[in-house]
Amino acid sequence: MAMAAISSSEPYILALANQKGGVGKTTTAVNLAGELASRGQQVLLVDCDPQGNATTSLGVAKRDLRFSTYEVLVGIAGLDRSIRSTGRDGLDIVPANEHLAGAMVELVSAERREWRLADALSQVAGYDWVVLDCPPSLGLLTLNALCAARGVIVPLQCEYLALEGLAQLKGTIDRVRDHLNPRLTIVGVVMTMFDGRTNLAQQVVEEVRRYFPQRIFNTLIPRSVRISEAPSYGRTIAEYDPSSRGAQAYAAFADEVMRRIDRQAVAR
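Quick notes on the rules
- Residues numbered from 1 in each chain as written.
- Predicted model: local features only at pLDDT ≥ 70, side-chain atom pairs only at ≥ 80, totals over all residues.
- Heavy atoms only, no water.
- Disulfide = S-S within 2.5 Å.
- Buried < 20%, exposed > 50% of the residue type's maximum accessible area, 1.4 Å probe, protein only.
- Salt bridge = Lys/Arg side-chain N within 4 Å of Asp/Glu carboxyl O.
- Phe/Tyr/Trp six-rings, centres within 6.5 Å; stacked < 30°, edge-to-face > 60°.
- Helix = DSSP H or I, 4+ residues; strand = E, 2+ residues; numbered from the N terminus.
- Contact = heavy atoms within 4.5 Å.
- Axes fitted to C-alpha atoms, helices over the stretch in contact; angles between N-to-C directions.
- Parallel < 35°, antiparallel > 145°, perpendicular 65-115°, else oblique.
- Left-handed = near helix turned anticlockwise from the far one by under 90°.
- Nonpolar A, V, L, I, M, F, W, Y, C, P; charged D, E, K, R; others polar.
- Expected span 1.5 Å × (residues − 1).
- Pairing = 2+ DSSP bridges.

The next thing to look at is the state of the cysteines. Tallied over the entire structure, the rule returns 0 disulfides. Cysteine cysteine 48 remains unbridged, with the sulfur of cysteine 134 as its closest cysteine sulfur at 5.6 Å. Here cysteine 48 falls in the buried class, since its relative accessible area comes to 3%. In this model cysteine 147 remains outside any disulfide bridge; the closest cysteine sulfur is found in cysteine 134, 11 Å from its own. With relative accessibility at 4%, the residue cysteine 147 sits in the buried group.

With that settled, the discussion passes to the pattern of salt bridges. All chains considered together, the criterion is met by 16 salt bridges. In this structure, arginine 112 and aspartate 119 form a salt bridge, with 2.8 Å as the shortest nitrogen-oxygen distance. Residue aspartate 119 is classed as partly exposed on the basis of its relative accessible area, which comes to 31%. Counted as one network, the salt bridges with shared partners bring together Glu35, Arg39 and Asp255.

On inspection of all chains with the given rule, the structure shows 5 aromatic pairs. Summarising the aromatic geometry, the rings of tyrosine 211 and phenylalanine 212 are spaced 4.9 Å apart at their centres and angled 70° between planes, so their arrangement reads as edge-to-face. Since its relative accessible area comes to 42%, tyrosine 211 is described here as partly exposed. Assessed through its relative accessible area of 4%, phenylalanine 212 is described here as buried. Aromatic pair tyrosine 233 and tyrosine 240: ring centres 5.1 Å apart, planes at 25°, arrangement stacked. For tyrosine 233, a relative accessible area of 55% corresponds to the exposed category. Taken together, the aromatic side chains of Phe217, Tyr250 and Phe253 make up a single cluster linked through ring pairs.

Turning our attention to the environment of glutamine 51. Assignment of secondary structure puts glutamine 51 in the loop between strand 2 (43-47) and helix 2 (53-57). Residues glutamine 51 and glycine 22, 29 residues apart in the sequence, show an inter-C-alpha distance of 13 Å. Setting aside residues up to four positions removed in sequence, glutamine 51 forms contacts with Lys62 and Pro136.

This part takes up the side chain of threonine 192. Examined against the element boundaries, threonine 192 turns out to sit in strand 7 (residues 185-194). Threonine 192 has contacts with Val23, Gly24, Thr28, Pro155, Leu156, Gln157, Cys158 and Ile221, leaving out every residue within four places of it along the chain.

For the rest of this paragraph, the subject is unusual backbone geometry. With a phi close to 50°, arginine 112 is a non-glycine residue in the positive phi region. The partly exposed category is assigned to arginine 112, whose relative accessible area is 46%. Here methionine 193, not a glycine, exhibits a phi torsion of approximately 55°, which is positive. Mapped onto the secondary structure, methionine 193 falls in strand 7.

The next subject is the packing of helix 7 (residues 140-148) against helix 8 (residues 166-179). Any two packed helices are characterised by how steeply their axes cross, that is the angle between the axes, and by the distance between the axes. Packing of helix 7 against helix 8 brings their axes to within 10 Å, and their N-to-C directions diverge by 55°. In terms of their interaxial angle, helix 7 and helix 8 are classed as oblique. Relative to helix 8, helix 7 is oriented so that their crossing is right-handed. Across the interface between the two elements, Leu143, Leu146 and Cys147 from helix 7 touch Thr172, Ile173 and Val176 from helix 8. A breakdown of the residues in the contact of helix 7 with helix 8 according to their chemical character gives 5 nonpolar, 1 polar and no charged.

Turn by turn, an α-helix covers 3.6 residues, leaving residues three or four places apart pointing in a common direction. Counted at 1.5 Å a residue, the expected span for helix 1 (residues 25-38) with its 14 residues is 20 Å, and the 20 Å between its end C-alpha atoms agrees. Burial of helix 1 is extensive: 12 of the 14 residues sit out of reach of the surface. Positive backbone phi, approximately 85°, marks glycine 40, located one or two places after helix 1.

Attention now moves to the sheet that holds strand 3 (residues 84-88). Strand order in the open sheet formed by 8 strands is 3-4-2-5-1-6-7-8, and the pairing between neighbours is mixed. Because the sheet does not close on itself, it has two edges, and the strands there are strand 3 and strand 8 (216-222). Along the sheet, successive strands turn relative to each other by an average axial angle of 25°, direction set aside. Relative to strand 4 (residues 91-94), strand 3 runs antiparallel, the two sharing 3 bridges. What sits directly across from serine 85, in strand 4, is aspartate 92. Packing against the sheet, helix 8 makes contact with strand 6 (151-157) and strand 7, and its axis sits at approximately 170° to strand 6. Where helix 9 (residues 199-211) meets the sheet, it contacts strand 6, strand 7 and strand 8, and its direction lies at approximately 175° from that of strand 7.

This is the structure we're talking about:
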C-alpha cells in the first residue's frame, strides 16, 4: 500500500544506530531503504560504516569506488560526485569502503568535525528520505550521522546482552540532542532476529517494551536464513524472496516507520 512521506522541501534524514555489532543494523537500513523506494519514495542510502556492508548488500562493488563517504567527509569530493545509482528505481547510495576508517583519524582535528555529514547533506535535493547506516560504535562517524539526522531507529537483537548497551546508546543520543542537534528524536526501537519459539526472545521484547513503552515498533523482524542470504546476492529480502516471512516483516516495518514519522511531523 502506497503511503506519502512527510511533505517537506528537505528529506527526512534517518539514522540506524547501535554501538553493538551483529544486531541487524545494516540489514535493516538496506531493507528499509528498499521498501521505501518500492513505495514510490526517492531514497538515498548513505553507508557510514568502513566495512561497507550496506554497499555490497545492494550489489555495488567496493573495489570500484572512485568517490565514497570518505571523500565526502574529508572534503575531497562533494556529495553529488559520490552518489551512485543502485539500479533500482528511487534508490541511490553513497557507498563506503575501508578508506572510511581513515576519516576517523583525519577528522579529529578538523573544523566542524561533527557536522561534516550534515553540511554535505544540506546540499542534497530530490530525495524524500536519507537513510544513514552507522558503524557499530559511538565514535566520530556515528556522531556525524546523529548530528545530521532528524530521527534515529535503534535495531536491537532479541538477546539478553543486547539490552546492556541500550541505556548507553540512549544517553549518547540524549547528549547529542542537548548539545549538538536539538531536533534529533528517537523514532523507535526495532527488535531483530526474533525467534518466537524461545522464552528469552519474548522476555527481551517485554523488557524493551517496559523501557521504551511508546517507542518499540510492533513489527518484529524474524531470525531468518533467507534474510541472511540476500546480501550475498546483492539483493534486498523483498527482491530475493518476496514471499518470505522476512520480506513481509520488513514491508510491515516500513509502513510503520512511515506512519510514525508522519505522526511526529503533525505533532511538531
